[in-house]
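# Structural overview for review
Next come the chains, spelled out residue by residue.
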Amino acid sequence: MKVLMVSLGCDKNLVDSEVMLGLLHKAGHEITNDEHEAEAVVINTCAFIKDAQEESINTIIEYGELKKTGSLKKLIVTGCLSQRYKDDILAELPEIDTIVGAANYDAIVDAISSEEKHSFVTDINYMPETVGGRIVTTGASMAYLKIAEGCGKMCTYCAIPYIRGKYRSIPMEQLLASAKELAAQGVKELILVAQETTLYGVDLYGEKTLSKLLHELCKIEEIQWIRLMYCYPEEITDELIDTIAEEEKVCHYLDIPIQHSEDPVLRRMGRRTCKKNIVELIAKLRMRIPDIAIRTTLIAGFPGETEDQFEELCDFVSEGLFDYIGVFAYSREEGTTAYELPGQIDEDIKAERAQILRDLADASCTPRIAQRVGQEMDVLVEGIEEDGQLFGRAMCQAPDVDGETYLTEGNVGDIVRVRIADTLLYEMEAE
């Protein structure tokens, strides 16, 4: 069959989509990007927050219409929505033919072949073996490497443990085999992702082994950059900091989602750190790795967040400790502990607080970006715009979230040495 893949949500979902594409291709199906010629559509959904759930449902309905107007014969839904609401969506969305669980992506070929409505959703803690043949969709130069599934942190606002199950590390030998395969395809940058990367290996090896994994990945000659995302602050060890500082291929970059600065809010969130420890960690990172870029995310309007606590958070953001800050208004999710907490905040107030934080984030992060003018750094050239302008990312920029670097010469896929000539908010111009 001609199969179209629609991947929604996070980069971890994207990895699953790419694995499914590889399995479908290996089974003899033809991959297409044309929705009008597709005979089967696979929608890999997100259900992390309400907006993501609505996007997933609307996408299912939209593609379901192709059964009336196009060549579509089968609509398959996988990912978090199918895992979390499997009975509901099968009953309420008749355009769906088959659903596949969030971790059951190895069943996608059977799902395509199934002639009746079927549910390929197994135990929430199921862990398929990582397979080869993944089709990378992020371009030739970078790829995500998912190193673990699920989460056991049980933050009170988060539904991931109920959707994706407990924390399960992918065995190191499987990850190294995947990385070598990606390198052979021309990938130069690996971006390590999981719900929580810093706990890698605890369940398999009895201790944190992220540093060991990084050392092994650095031995792969073709890989030039390795970037770490989703590092919980309380799990960042001195060993990991030393590894980032000493391994040339590991980007001087850390994504550290702290969610809030004030201890009473952090406790209600179920977070396992405090403001003092966060500040000390950032100071340690900048002392040990002076040129490190640090990204964080914050939640505005969490239940019980007082005006004073919000003002303290604003002051904390204004201190300019971070290079990049993502801000989200709190989303009340059924089944989570925070859903039942007293002090739920009005939607308009949450949205207002989130926008205030975004404006403060721009004001505090922009000077840090501007300080890069005159600095030399490496840039991975990623593409050419319609007007011929080359663009890429420096080591201090993660894809999609941290802006881009525009440069005057280079070949797509190369890493080139540049000098930063100018900045505009998060964008950089280089020569």
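Attention in this report is confined to the structure presented alongside it. Keep in mind that this is a model prediction, so the values were computed, not measured.

### Focus on the sheet that holds strand S6 (residues 118–120)
Strand order in the open sheet formed by six strands is S2-S1-S3-S4-S5-S6, with parallel pairing between adjacent strands. Unpaired on one side and paired on the other, strand S2 (30–31) and S6 mark the two borders of the sheet. Taken strand by strand, helix H2 (residues 50–64) contacts strand S1 (2–7), strand S3 (40–45) and strand S4 (74–79), and its axis lies near 175° from that of S3.

### Remarks on the pairing of strand S15 (residues 376–384)
The sheet contact formed by S15 and strand S18 (residues 415–424) spans five bridges and is antiparallel. By the bridge assignment, Val379 is partnered in S18 with Val416. Alignment of S15 against strand S16 (residues 390–394), held across five bridges, turns out to be antiparallel. Within the sheet, the bridge partner assigned to Val379 lies in S16 and is Ala394. Between S15 and the antiparallel strand that follows it, S16, lie five residues; Gly388 among them carries a positive phi value of about 95°.

### Regarding the pattern of salt bridges
Tallied over the full model, the rule gives 33 salt bridges. For Glu196, the salt bridge goes to Lys153, with nearest N and O atoms at 4.0 Å. One end of the pair, Glu196, is in the loop between strand S10 (189–193) and helix H9 (202–205); the other, Lys153, is in the loop between strand S8 (148–149) and helix H7 (160–164), and 43 residues separate them in sequence. For Glu196, a relative accessible area of 0% puts it in the buried group. Judged by its relative accessible area of 5%, Lys153 falls in the buried class. By sharing partners, the salt bridges in this structure join Lys153, Glu196, Lys208, Glu234 and Glu235 into a single network.

### Considering a negative patch on the surface
A contiguous patch of negative charge on the surface is contributed by Asp308, Glu311, Glu312, Asp315 and Glu319. Here Asp315 is to be found in helix H14 (residues 307–318).

### Brief notes about helix H13 (residues 275–288)
With 14 residues, H13 should cover 20 Å at 1.5 Å per step; its first-to-last C-alpha distance of 20 Å lies within 8% of that length. Within H13 the residues assigned to the buried category are Ile278, Leu281, Ile282, Leu285 and Arg286. The buried residues of H13 all sit within an arc of 125° when viewed along its axis, so they share a single face. Opposite the buried face of H13, by more than 90 degrees, sit the exposed residues Lys276 and Met287. Packed against the buried residues of H13 are helix H11 (238–246), strand S12 (250–255), helix H12 (263–269), strand S13 (293–300), H14 and helix H15 (347–370).

### Some details on the packing of H14 against H15
Running from N to C, H14 and H15 cross one another at 20°; their axes reach a closest spacing of 8 Å. Taken together, H14 and H15 sit at an angle that is classed as roughly parallel. At the point where H14 passes H15, the crossing takes the right-handed sense. Contacts between H14 and H15 involve Glu307, Phe310, Leu313, Cys314, Val317 and Ser318 from the first element and Arg353, Ile356, Leu357, Leu360, Ala361 and Ser364 from the second. In the contact of H14 with H15, the residues fall into eight nonpolar, two polar and two charged.

### Concerning empty space enclosed by the protein
By rolling a water-sized probe across the atoms, one finds the places where empty space is left. Per the stated rule, a full pass over the model turns up one cavity of 30 Å³ or more. Approximately 40 Å³ is the volume attributed to the largest cavity. Taken together, Gln83, Ala102, Ala103, Asn104, Thr122, Asp123, Ile124, Glu149, Ile163, Arg164 and Arg168 make up the lining of the largest cavity. The residue inventory of the lining of the largest cavity, partitioned by class, reads four nonpolar, three polar and four charged.

### So, H15
Taking 1.5 Å per residue as the helical rise, H15 with its 24 residues ought to reach 34 Å, and the 34 Å between its terminal C-alpha atoms agrees with that figure. Those residues of H15 lying buried are Lys350, Arg353, Ala354, Leu357, Ala361, Ser364, Cys365 and Ile369. Put simply, Asp346 is the residue that caps the front of H15, since its side-chain oxygen is 2.9 Å from the backbone nitrogen of Asp348.

Each value, and the rule that gives it
- Residues numbered from 1 in each chain as written.
- Predicted model: local features only at pLDDT ≥ 70, side-chain atom pairs only at ≥ 80, totals over all residues.
- Heavy atoms only, no water.
- Pairing = 2+ DSSP bridges.
- Helix = DSSP H or I, 4+ residues; strand = E, 2+ residues; numbered from the N terminus.
- Contact = heavy atoms within 4.5 Å.
- Axes fitted to C-alpha atoms, helices over the stretch in contact; angles between N-to-C directions.
- Salt bridge = Lys/Arg side-chain N within 4 Å of Asp/Glu carboxyl O.
- Buried < 20%, exposed > 50% of the residue type's maximum accessible area, 1.4 Å probe, protein only.
- Patch = residues over 30% accessible without salt bridge, like charges linked within 9 Å, V, L, I, M, F, W, Y side chains within 5 Å.
- Areas by Shrake-Rupley, 256 points an atom, 1.4 Å probe, with all protein chains shown as cover.
- Lys, Arg positive; Asp, Glu negative; His and termini not counted.
- Charge placed at Lys NZ, Arg CZ, Asp CG, Glu CD.
- Expected span 1.5 Å × (residues − 1).
- Arc of directions from axis to C-beta.
- Parallel < 35°, antiparallel > 145°, perpendicular 65-115°, else oblique.
- Left-handed = near helix turned anticlockwise from the far one by under 90°.
- Nonpolar A, V, L, I, M, F, W, Y, C, P; charged D, E, K, R; others polar.
- 1 Å grid on protein atoms, 1.4 Å probe; cavity = no way out; pocket = protein on both sides within 12 Å on 5 of 7 lines; lining within 4 Å.
- Points joined across faces, edges and corners; volume = space filled by probe spheres on them.
- Polar contact = N/O pair within 3.5 Å; in protein donor to acceptor, adjacent residues only side chain to side chain.

What is shown is where atoms sit, not what they do.
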